[in-house]
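# A structural walkthrough
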Amino acid sequence: MDTTRSTPPVRRPLAALTAALCATLLASACTGTNSGGGQDGSASGQDVTITFWHGWNQDNEVKAINDNVAAFEKLHPNIHVKVVGDIADDKAQQALRAGGPDAPDVVSSFSTDNVGKFCSSHVWADLGPMLKQDGVDPAKTFPAAMLAYSQYQGNQCSLPLLGDAYGLYYNKTAFAAAGITAPPKTFGEFAEDAAKLTVPDGDSYRQLGFMPNYHGYETSIAHYLGQYGSTYFGPDGRSNVATDPTVAAGLAWQKQLVDRLGGFAKLEKYRTSFGDEFSAKNPFATGQVAMSLDGEWRAASLAEDKPSFEWATAPFPVPDDQADKYGRGYQTGTIVGIANGSKKQTAAWTFVKYLTTDTDAVVSFANAIHNVPSTLAALDSPKLDADPNFRTFLDIARNPNSATTPASINGGAYQVSLQNLSYAVESGQQSDLKAGLAATAKEIDDAVNQAK
C-alpha cells in the first residue's frame, strides 16, 4: 500500500485491503524463476554490484534508506548497491519473472498480503538456509507477529523491515469534559466511552466518540479482529471464519456499536464530511471524533499538526472476555527479500541481513520515517525516539499476543471476501450472520483452491 501525506512525516500503513487488491493484479506475475545461486565472490572481497528496488518516494524516506545504504557500503566496501526507488509491486514482480541483468537482486514491498504469493511461486528466495548458516534465530530476532507475516508454510522468503502497529488515539480534553479519567481497556468500556463522548447535532454530530464504520480510515474488519486474535484459517488450510467464534463476535460487536452511535446511515453521512486522512484535516486532528484506531505514524503527524486539544495514545481495547490480552494490537509492515533468480545472492544476503538485523540500521530507519522497529533488539534500543505516544506502539509491537493477517497463496483475497461481508452486515443488507459467514468461508476456500 502506498500512501502519502502532504507534509512529512509520511505514514506507511501496509496492511490489508489495498494490498489485497494489488495481490490480484500480481497473480500472473508471480510465476517463479529458477534459483540463481549466489557464490558471487563478495565473501572473498571481490567487487560486486547489486540492485535494490524499493517503493519509498518521499524525501525523508529516500534519504533514510540512502543513509542506510551508505552505512552498509562503508562496512562492506566491495559491495556496491544500486538503489532504485518508487517501484510498485507489480513492476518488481514482472521484472523478477522476466529475469535477466536488469532484474533487481533485492526487493522490498509494502504489501505483506503478497508474501504467500512471493513464497509459493518462488519468485523470492527462501532465506531460511541463510539465516541458519549465519546463526540468526528468527524467533529470537523478530517480534512474533512480524515474523508471522513474513513467511508462508515454513518458507521464510522475506524478512521484516520496519512495521506498523495499531492502537488507540484519544482526545484527553474531550475525555475530561465527559468525566472519563482513563482510556478504555475492554470493548465494553470502549462502547460506554464512545457513547459518552458523542454529542449529536440534529441529523449529524458536533462530536462523535468513535467512527466504527468499515469505510473509516483504519477501521477495517482485519484491524478489529486483531484484537480478538482471529486466525482466519484452520490447521487444514481451510477458512475457519464460519467456525472461529471470534469472527462472528467481532462483526456483531461492530454492528452493535454502529447502531448505538446513531446507525449506519447517519454515521456514513458524517464520515463524508471528514478531511483527508493524511492531512491536518484528519477527523481526529480536527476534533470531529474523540477516539481513533490508528498506527504509530499518526503520533508524528499530530505532533506536527498541533491540534487544539491534548491527546494521548494507548493500546486499543480488547474483547471483555480477553481482558488479560490488553496491550495487544494489529501489526503489519514492510518486507524485504532476495530475487530467487539473482546471481549475486551472497552479496544480496549480506545487504538484507544488515538492513533487517543490524540494530543501529533498524533504529535509524525507524526514527527517520516514524515506523516501528522490526527487531526485538531495536525495540529495546536507547537510541529510539523517546516520545511516550510513540512508545505505546513499541509496547504493542513487542507484545507476544499482538496479531496479524496470515499469508495466503492468493494474497489478501480472503480479506476482501470478509470485508465485503462486513460491509453488508453493518449496513443491514446481511442480517443472517451465520449464513453470511458460511458463504464467505466457501468463497475463500474456492478462491484458494483455484490459486493452487
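Now for a quick tour of the structure. Here the residue numbers are simple positions, counted from 1 along each chain's written sequence. Given that the model is predicted, a residue must reach a pLDDT of at least 70 before its local features are reported, and side-chain atom pairs must reach 80 or more before they are shown or counted; all residues, however, enter totals for whole chains, interfaces and linings. With hydrogens and water excluded, all non-hydrogen atoms of the structure serve as input to the side-chain values.

The number of helices and strands found in the protein chain is 19 helices and nine strands. Every radius of gyration here is taken over C-alpha atoms, with the globule rule written as 2.2 Å times N^0.38, N being the number of residues. Since a compact globule built from 452 residues should have a radius of gyration of about 22 Å, the 22 Å found for the protein chain is in line with a globular shape. The principal-axis extent of the C-alpha atoms belonging to the protein chain is close to 70 × 45 × 35 Å. Think of it in three bands: residues with accessible area under 20% of the maximum for their type are buried, residues over 50% are exposed, and the middle band is partly exposed, with areas taken using a 1.4 Å probe on protein chains only. Counting all 452 residues of the protein chain, 58% fall into the buried class. Contacts are residue-level and defined by heavy atoms, with any inter-residue pair within 4.5 Å sufficient. Of all intrachain contacts in the protein chain linking residues separated by at least 6 positions in sequence, the fraction that spans at least 24 positions is 76%. Total accessible area on the protein chain is roughly 17400 Å²; 51% of this is exposed by carbon and sulfur atoms. Counted charges follow a simple rule, with Lys and Arg positive, Asp and Glu negative, and His plus the chain ends left uncounted. Charge placement uses NZ in Lys and CZ in Arg. For Asp and Glu, CG and CD serve respectively. The positive charge centre, built from 35 side chains, and the negative charge centre, built from 48, are 1 Å apart in the protein chain. Numbering of helices and strands starts at the N terminus; helices are DSSP runs of H or I of at least 4 residues and strands are runs of E of at least 2. Exposure was quantified through the Shrake-Rupley algorithm and a 1.4 Å probe, taking into account, for residues, occlusion by the shown protein chains and nothing else.

Turning next to the packing of aromatic side chains. For Phe, Tyr and Trp, rings pair up if their centres lie within 6.5 Å, where Trp contributes its six-membered ring, and each pair is then called stacked (planes under 30 degrees apart), edge-to-face (over 60) or tilted (otherwise). According to the stated counting rule, one finds 27 aromatic pairs in the structure shown. Between the aromatic rings of F52 and F351, the centroid separation amounts to 5.2 Å while the plane-to-plane angle is 70°, which identifies the pairing as edge-to-face. Within this pair, whereas F52 is found in strand β1 (residues 48–53), its partner F351 is found in helix α14 (residues 345–357), the two being separated by 299 residues in sequence. A relative accessible area of 0% places F52 in the buried class. Look at F351 and you get buried, because its relative accessible area is 0%. An aromatic cluster is present here, built from F187, F190, F210, Y214, Y224, Y228, W253 and F316 joined pairwise through their rings. One residue, K266, lies across the ring of Y205, its end atom 4.7 Å from the ring centre. Two thresholds decide whether a charge sits over a ring: the Lys NZ or Arg CZ must be within 6 Å of the ring centre and within 35 degrees of the ring normal.

With that settled, consider the side chain of S408. With respect to the helices and strands, the residue S408 is situated in the loop between α17 (388–398) and α18 (413–426). A relative accessible area of 4% places S408 in the buried class. There is a polar contact of 2.8 Å between the side chain of S408 and the side chain of N410. With sequence-adjacent residues up to four places away left out, S408 is seen in contact with G116, K117, Y152, F233, Y414 and V448. Here a polar contact means two N or O atoms within 3.5 Å. Within protein one must be a hydrogen donor candidate and the other an acceptor candidate, and residues neighboring in sequence count only if both atoms are side-chain atoms.

Moving on: the environment of A323. On the secondary structure map, A323 appears in the loop between β8 (311–314) and β9 (331–338). Excluding its chain neighbours within four sequence positions, the residues that come into contact with A323 are T186 and V318.

What follows concerns the nonpolar core. Remark: nonpolar core denotes a set of buried residues (Ala, Val, Leu, Ile, Met, Phe, Trp, Tyr, Cys) joined through side-chain atoms within 4.5 Å. If you look at the biggest cluster of nonpolar residues, it comprises 122 residues, and the most contacted ones within it are F210, M291, F351 and L418. The biggest single contributor to this core is strand β4 (residues 159–171), with eight residues. Every residue in contact with L418, bar those within four places of it in the chain, is listed here: I221, L225, Y232, V241, V247, L437 and T440.

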